[in-house]
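The residues making up each chain are set out below.
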Amino acid sequence: FFFKQKTAYEIPKRDWSSDVCSSDLRWFNRHGSLYNALAVSAFVLLIYNPYYITEVGFQLSYAAVFGIVFLHPMINRWYEPGSFIGEQVWMITSVSIAAQTMTFPLGLLYFHQFPNLFIISNLIIIPLSTVVIYGCIFLLAFSWVPYVAAASGKIIWAVIWFIDRKSTRLNSSHVSESRMPSSA
């Protein structure tokens, strides 16, 4: 529970800083690499607080984003789906594999486990999280209309509840993770 709460706050902060760094390059009509934007965002955060380097959330976030930037283009070439739905499923799957490949060593180091169902859970959670994000934007835009705001808030709540139930059910499955023996 603590890890989920801690990383829920930390990951958006890192995503925001890398977005700001990559958009700064566009403002100056420069086409820098994503690696530079990632390095600058980590550097800025470490200037702000050097102890971030010791936080698991910081390490996992940057490892996952680096995996997506570096490995995803290679993994994405493994398969060419024939339909729009197939392309979307393969996109989520290939991004999940890329991120999981880079975070695998840290997961073993800190948690002594590997999430076996990460592809299945990401195929459920990522599209629904996108619905929640767009729903929240809609809610902000129409918050001044009471009935629209109330209805959209209830729909967003229902989708978040569904995500929580499905992720809890997947995590409680006996095959959801492989535990590695700890060295202690």
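Analysis parameters
Residues numbered from 1 in each chain as written. Predicted model: local features only at pLDDT ≥ 70, side-chain atom pairs only at ≥ 80, totals over all residues. Heavy atoms only, no water. pLDDT = per-residue confidence, 0-100. Helix = DSSP H or I, 4+ residues; strand = E, 2+ residues; numbered from the N terminus. Contact = heavy atoms within 4.5 Å. Axes fitted to C-alpha atoms, helices over the stretch in contact; angles between N-to-C directions. Parallel < 35°, antiparallel > 145°, perpendicular 65-115°, else oblique. Left-handed = near helix turned anticlockwise from the far one by under 90°. Nonpolar A, V, L, I, M, F, W, Y, C, P; charged D, E, K, R; others polar. Patch = residues over 30% accessible without salt bridge, like charges linked within 9 Å, V, L, I, M, F, W, Y side chains within 5 Å. Areas by Shrake-Rupley, 256 points an atom, 1.4 Å probe, with all protein chains shown as cover. Salt bridge = Lys/Arg side-chain N within 4 Å of Asp/Glu carboxyl O. Buried < 20%, exposed > 50% of the residue type's maximum accessible area, 1.4 Å probe, protein only. Core = buried A, V, L, I, M, F, W, Y, C linked by side-chain atoms within 4.5 Å.

**Observations regarding the confidence of the model for the protein**
Of all residues in the protein, 81% attain a pLDDT of 70 or more, and the chain-wide mean is 83. No element of the protein has a lower mean pLDDT than helix α1 (residues 2-27), which averages 48, and none a higher one than helix α3 (residues 56-76), which averages 94. Predicted confidence for residues 1-9 stays below pLDDT 50, and this span has six contacts to residues more than four positions away or in other chains. Across residues 20-25, where pLDDT falls below 50, the model places seven contacts with residues more than four positions away in sequence or in other chains.

**A few points about the packing of α3 against helix α4 (residues 84-111)**
Helix-helix packing: each pair is described by the crossing angle between the helix axes and the interaxial distance. Contact pair α3 / α4: the axes reach a minimum separation of 7 Å and the direction vectors enclose 140°. For the element pair α3 / α4, the angle class is oblique. Considering how the two elements wind past one another, α3 and α4 form a crossing that is right-handed. Residues of the contact of α3 with α4, tallied by class, amount to 18 nonpolar, seven polar and no charged.

**A look at a nonpolar patch on the surface**
Together, Tyr35, Phe66, Phe70 and Met74 make up an exposed nonpolar region whose accessible area comes to about 340 Å². A total of three residues in the nonpolar patch trace back to one element, the largest contributor, which is α3. With respect to the secondary-structure elements, Tyr35 resides in helix α2 (residues 34-48). Tyr35 gets classed as partly exposed once you look at its relative accessible area, which sits at 37%.

**Describing the environment of Val148**
Within the fold, Val148 resides in helix α6 (residues 146-172). The sequence separation of Val148 and Phe138 amounts to ten residues, and the corresponding C-alpha distance is 9.4 Å. The contact partners of Val148, leaving out residues within four places of it in the chain, are Phe138 and Phe142.

**Quick look at the nonpolar core**
Proteins that are soluble and globular tend to have nonpolar side chains buried together. One finds Leu71, Ile75, Trp90, Ile97, Ala98, Phe114 and Phe118 forming the largest nonpolar core, which totals seven residues. For this core, the secondary structure elements donating two or more residues are α3 and α4. Ranked by the residues each element gives to this core, the list is headed by α4, at three residues. Counting residues in hydrophobic clusters, the runner-up holds six residues, among them Ala42, Leu45, Tyr52 and Tyr62.

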